[in-house]
Amino acid sequence: MPINLQKGQKVDLTKGNEGLNSLMVGLGWDVNAYDGGSDFDLDACAFLLGENGKITVSEDFIFYGNKVHPSGAVDHKGDNLTGEGDGDDEQIMVELSKVPANIAKISFTVTIYDAEARRQNFGQVSNAYIRIVDKSTGAELIRYDLGEDFSIETAVVVGEIYRHNGEWKFNAVGNGFSGGLAALCAHFGVETA
């Protein structure tokens, strides 16, 4: 039985789950009835962050254009261009034992591709969630359903896993940003051209 979290709640991941190493982070969403003429292309990303909350090198930004971290710790399984179908729309694999020592946390985000030009925002998205699954057993450990708290935002920090006293924990963040991926990149120290 997974732990269902509310915004801001934190829970132990590895404490009490001895041997937990391989995680599947599933992100999903539905698009409300929409007549804008363009598909909704939501993109999941992961930012591997140092103690200062910023990436340490550009390769710490994992997305559809850079799917695998050099350490092998994080592996984005690909971009779902429409969000059609049930279940996870995008998945990111995490190997905790491979996360470099200088990485304090991994933030998982979802952005709307080309949101401004397509006049799209998270107010038009429903049933968004993040879930953490133990890959070795297939058991869903944690689930956080975002709710309908967003209107004009085009990017959301959904959740993060972070180190705390030698263990890994999960934080249900749920913070929205206007400005899409560029705003997230600026927040996490990614230089964009």
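Residues numbered from 1 in each chain as written. Predicted model: local features only at pLDDT ≥ 70, side-chain atom pairs only at ≥ 80, totals over all residues. Heavy atoms only, no water.

Asker: Looking at this model, I keep getting lost on empty space enclosed by the protein. Mind explaining?
Answerer: Rolled over the atoms, a probe with the dimensions of a water molecule shows which regions are left empty. Across all of its chains, the model carries 1 cavity of 30 Å³ or more by this definition. Taken together, Gly 28, Trp 29, Leu 42, Val 110, Phe 122, Ala 128, Tyr 129, Leu 146, Val 156 and Val 158 form the lining of the largest cavity. For the lining of the largest cavity, the per-class residue count stands at 9 nonpolar, 1 polar and no charged. (1 Å grid on protein atoms, 1.4 Å probe; cavity = no way out; pocket = protein on both sides within 12 Å on 5 of 7 lines; lining within 4 Å. Points joined across faces, edges and corners; volume = space filled by probe spheres on them. Nonpolar A, V, L, I, M, F, W, Y, C, P; charged D, E, K, R; others polar.)

Asker: I would appreciate a short explanation of the pairing of strand S12 (residues 167-177) in the present structure.
Answerer: Looking along a regular strand, one sees side chains alternate from face to face of the sheet. Within S12, 8 of the 11 residues are buried, leaving the element largely enclosed by the surrounding structure. For strand S2 (residues 10-12) and S12, the ladder comprises 3 bridges, and the chain directions are antiparallel. The residue bridging Asp 12 from the neighbouring strand is Lys 169, located in S12. Pairing geometry for strand S11 (residues 155-164) and S12, over 9 bridges, is antiparallel. What sits directly across from Glu 160, in S12, is Asn 171. Between S11 and S12, which pair antiparallel one after the other, the connecting turn spans 2 residues, and Asn 165 there sits at a positive phi close to 50°. (Buried < 20%, exposed > 50% of the residue type's maximum accessible area, 1.4 Å probe, protein only. Helix = DSSP H or I, 4+ residues; strand = E, 2+ residues; numbered from the N terminus. Pairing = 2+ DSSP bridges.)

Asker: Which parts of the structure should I look at to understand the sheet that holds strand S4 (residues 42-49)?
Answerer: Taken in spatial order, the 6 strands line up as S2-S12-S11-S8-S4-S5 in an open sheet, and their pairing is antiparallel. The strands lining the two open edges of the sheet, one partner per strand, are S2 and strand S5 (61-62). Across the sheet, helix H2 (residues 180-187) touches S4, S5, strand S8 (105-112), S11 and S12, and the angle it forms with S8 is around 160°. (Contact = heavy atoms within 4.5 Å. Axes fitted to C-alpha atoms, helices over the stretch in contact; angles between N-to-C directions.)

Asker: Got a minute to help me understand the nonpolar core in this structure?
Answerer: Soluble globular proteins tend to bury their nonpolar side chains together. Formed by 42 residues in total, the largest nonpolar core has its most connected members in Leu 13, Ile 106, Ile 161 and Phe 170. For this core, the secondary-structure elements that each account for two or more residues are strand S3 (22-31), S4, strand S7 (90-95), S8, strand S9 (125-134), strand S10 (139-145), S11 and S12. With sequence-adjacent residues up to four places away left out, Ile 106 is seen in contact with Ala 46, Phe 47, Leu 48, Val 74, Val 94, Val 99, Gly 159, Glu 160 and Ile 161. Ranked by size, the runner-up nonpolar core spans 15 residues in total, among them Cys 45, Leu 49, Phe 177 and Phe 188. (Core = buried A, V, L, I, M, F, W, Y, C linked by side-chain atoms within 4.5 Å.)

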